[in-house]
Amino acid sequence: MRFPLLSGARETAAQAPTQPTDAEGTPLRRASNLHHSRLRWLFGPLLAVLMIVTGLGWVLASPVGASPDDDYHLGSIWCPRPVGDSCETRVIDGEVNVRVPEPIAKASHCFAFKGEVSAACTLPYLNENNGYTRRYDEGNYPKGYYRFHHLFVTDSVNQSVLMMRTANLLISVVLLGAIASLIPIPHRRAFAASLLVTWIPMGLYYVTSNNPSSWALTGTFAFAAAMFGSLSSTGMRRWLLLGLAALGALLCITSRGDSAFFLFVVSMALVFAVHWRRSHWPFILFLVIASLVGISSMFSTGQSQIVASGDSEISFTPSGKLETFIRALLQVPRYIAGFYGYDRGPGWFDTPVNDPIVLVMLIVLGGALIVAIGGGSWRKWMSALMVFGALLGVPILVTVRGFYPQLWNYQPRYMLPLFAVVLFVLFIVDSLNPAIFSRTQLLLIGMGVTFSHCLTLHRVLWRYTAGIVGGSEGPLNLNTFTQWWWPIPISPEVVWGVSSVAFVGVVILALVLSAPESELNAKLS
């Protein structure tokens, strides 16, 4: 039985045109589908390899402790709750500190917020030496993420950190790759375009980091894409996608409280997007359970205080809630630019990507939105409103409630997991031709994301190998002023070049393999 998401996609036998055949009598549409399937099986594995190669460039681009709050997250990985059972503790100045390797305790502090300071300052910190830190989790985050990565802890901090980042990369590639291969063909271009337009450059940066946002990004989009695909599929494919959606939900629930809440947001979007029937009860039950578990997980962490607390002592709204609300609305464009790193770039916000990277990606986003909002029913707009409302509504709410002095202080990366979901919903819900781009549009999108990827990776490498000194352009050859690098035989310049070339292949193959049937038939005719 079909579970159509697209109200205009149903076609009766009387409406179906007679299919032309080839010289052997095989219907041309069937022949094109067979050809498309062969292309997918031939180049799909190559696409996955290129994605891994691209991601490994980002894995190597920054040192231990480089992503936001890495001292906290790495300390929590080395000493997961309960800390007394996993690490030696000591009371210092009335606070319980945990003993961790010196690079975990001190590496971030020497270069964080200091863009001109390279990671060479971390070289004196040795694995053999220990240090004590107050930075570890006491219940603010779910412990699943930290427990999992604790399995990769070895005597070498460098080796451990690189294995953890690589594990996050592989989880993302395998899970999202499996979903992309199973969702209906009309969804695949939307799937690829949504990720390219919203995850470059900051999404890819966080996915390959040690930050729990890695699982939040992968899990949220996996849950959304797999659920939409499952409800539009039949047979075994439907249930496989449902299982992959469950894996995405597991990543959300075990990584961040807010990403667990995103399961409820996506479920509400599905309420409006799907033409529900009585036979859908297994999916309804799954969504209810996922939403309840997600909400419960959010309220079991310290992050829920932002929503639930009413403590007036932390209020930053001296001008009144109405004025704070208006000021927050005026900051929305800047907040959206923050998804691409505007004043919130890689590292501890100390790697500049404002110009021209953010500008180029905003242009790409604008072009994609023009395609995405090209018509639709009330289902499409209400479904998108559920996600977009949460995307901006949560930051505005916590600002008005006085937890932050202005919207901008609520970091855009917290809401970044929903960004791709908004675009995906706009592309596929109630549309006869989901995500149809012209060749010129695809070329411009491909060029824009490729440019932004290459330049951002170059700047991240430059920032940590030499420090950003003398402007924001940097040397063309990253090997020129290298002060820090991993103890490996591959230079920073080679890492940047190989990852950049691999990403070009990712963009080309992703857009070609996700081509809808109409586009593929036109090419083959």
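Note that this is a predicted model, so its numbers are computed, not measured.

A. Seen up close, the pattern of salt bridges. Overall, the coordinates contain 12 salt bridges when judged by the stated rule. Between Arg134 and Glu95 there is a salt bridge, with the nearest N and O atoms lying 3.7 Å from each other. Taken together, the positions of Arg134 in the loop between β3 (130–133) and α5 (144–150) and Glu95 in strand β2 (residues 95–101) put the pair 39 residues apart, joining distant regions of the chain. We note a salt bridge from Arg463 to Asp350, for which the minimum N-O separation is 3.1 Å. Of this pair, Arg463 sits in helix α20 (residues 439–465) while Asp350 sits in the loop between α16 (346–349) and α17 (354–372), placing them 113 residues apart in sequence. The buried category is assigned to Asp350, whose relative accessible area is 9%. Members of the salt-bridge network, linked through shared partners, are Asp69, Asp71, Arg135 and Arg413.

B. Just the side chain of Thr122, in detail. Looking at the element boundaries, Thr122 is found in the loop between α4 (102–111) and β3. For Thr122, the side chain forms a polar contact with the main-chain oxygen of Ala119, separated by 2.6 Å. Contacts of Thr122, omitting those with residues within four sequence positions, involve Ala107, Cys110, Phe111 and Trp484.

C. Structural detail: the packing of helix α14 (residues 321–330) against helix α18 (residues 378–400). Interhelical geometry of α14 versus α18 gives an angle of 145° and a closest axis separation of 9 Å. Taken as a pair, α14 and α18 cross one another with a handedness that is right-handed. For the pair formed by α14 and α18, the contact residues are Lys321, Thr324, Phe325, Ala328 and Leu329 on the first element and Ile396, Thr399 and Val400 on the second. Class assignment for the residues of the contact of α14 with α18 results in five nonpolar, two polar and one charged.

D. Region of interest: the sheet that holds β3. The strand order across the open sheet built from three strands is β1-β2-β3, with neighbouring strands paired in antiparallel fashion. Of all strands in the sheet, those bounded by a partner on one side alone are β1 (89–92) and β3. Pairs of neighbouring strands in the sheet enclose a mean axial angle of 40°, with direction left out of account. When β2 meets β3, the two strands line up antiparallel, connected through four bridges. Among the inter-strand pairings, Val100 is bridged to a residue of β3, identified as Gly131. Of the strands in this sheet, β2 and β3 are in contact with α4, which crosses β2 at around 100°.

E. The state of the cysteines, seen in detail. The full count for this structure, using the stated rule, is two disulfides. Between the sulfur of Cys79 and that of Cys87 lies a disulfide, 1.9 Å long from S to S. Here the disulfide of Cys79 and Cys87 is left-handed, its torsion about the S-S bond being about -90°. Its relative accessible area of 0% is what places Cys79 among the buried residues. The class of Cys87 is buried, set by a relative accessible area of 14%. Here Cys110 pairs with Cys121 through a disulfide, and the sulfurs are 2.0 Å apart. With the S-S dihedral at roughly 65°, the linkage between Cys110 and Cys121 falls on the right-handed side. Of this pair, Cys110 sits in helix α4 while Cys121 sits in the loop between α4 and β3, placing them 11 residues apart in sequence.

How each quantity is defined
The residue numbers shown here count from 1 along each chain, following its written sequence. Owing to the predicted nature of the model, reporting of local features is limited to residues with pLDDT of at least 70; listing and counting of side-chain atom pairs is limited to 80 or more, with chain, interface and lining totals taken over all residues. Remark: hydrogens and water are excluded; side-chain values derive from all non-hydrogen atoms of the structure. By definition here, a salt bridge exists when the distance from a side-chain nitrogen of Lys or Arg to a carboxyl oxygen of Asp or Glu is within 4 Å. Only DSSP runs of H or I covering at least 4 residues are called helices, and only runs of E covering at least 2 are called strands; the numbering of each starts at the N terminus. Burial here depends on accessible area, computed with a 1.4 Å probe over protein chains only, as a share of the maximum for the residue type. Under 20% is buried, over 50% is exposed, and the range in between is partly exposed. We define a polar contact as two N or O atoms separated by no more than 3.5 Å, with the added condition that, inside protein, one atom must be a possible hydrogen donor and the other a possible acceptor, whereas residues neighbouring each other in sequence contribute only through side-chain atom pairs. Contact definition: two residues touch when any of their heavy atoms are within 4.5 Å. Between N-to-C directions, angles span 0 to 180 degrees; the directions come from axes that are lines fitted to C-alpha atoms, helices contributing only their stretch in contact. By convention, the crossing between two helices is left-handed when the near helix turns anticlockwise from the far helix through less than a right angle, and right-handed when the turn is clockwise. Note on residue classes: Ala, Val, Leu, Ile, Met, Phe, Trp, Tyr, Cys and Pro are nonpolar, Asp, Glu, Lys and Arg are charged, and everything else, Gly too, is polar. Whether two strands pair depends on DSSP finding at least two bridges between them. Throughout, disulfides are identified as pairs of cysteine sulfur atoms within 2.5 Å of each other.

None of this, on its own, says anything about what the molecule does.
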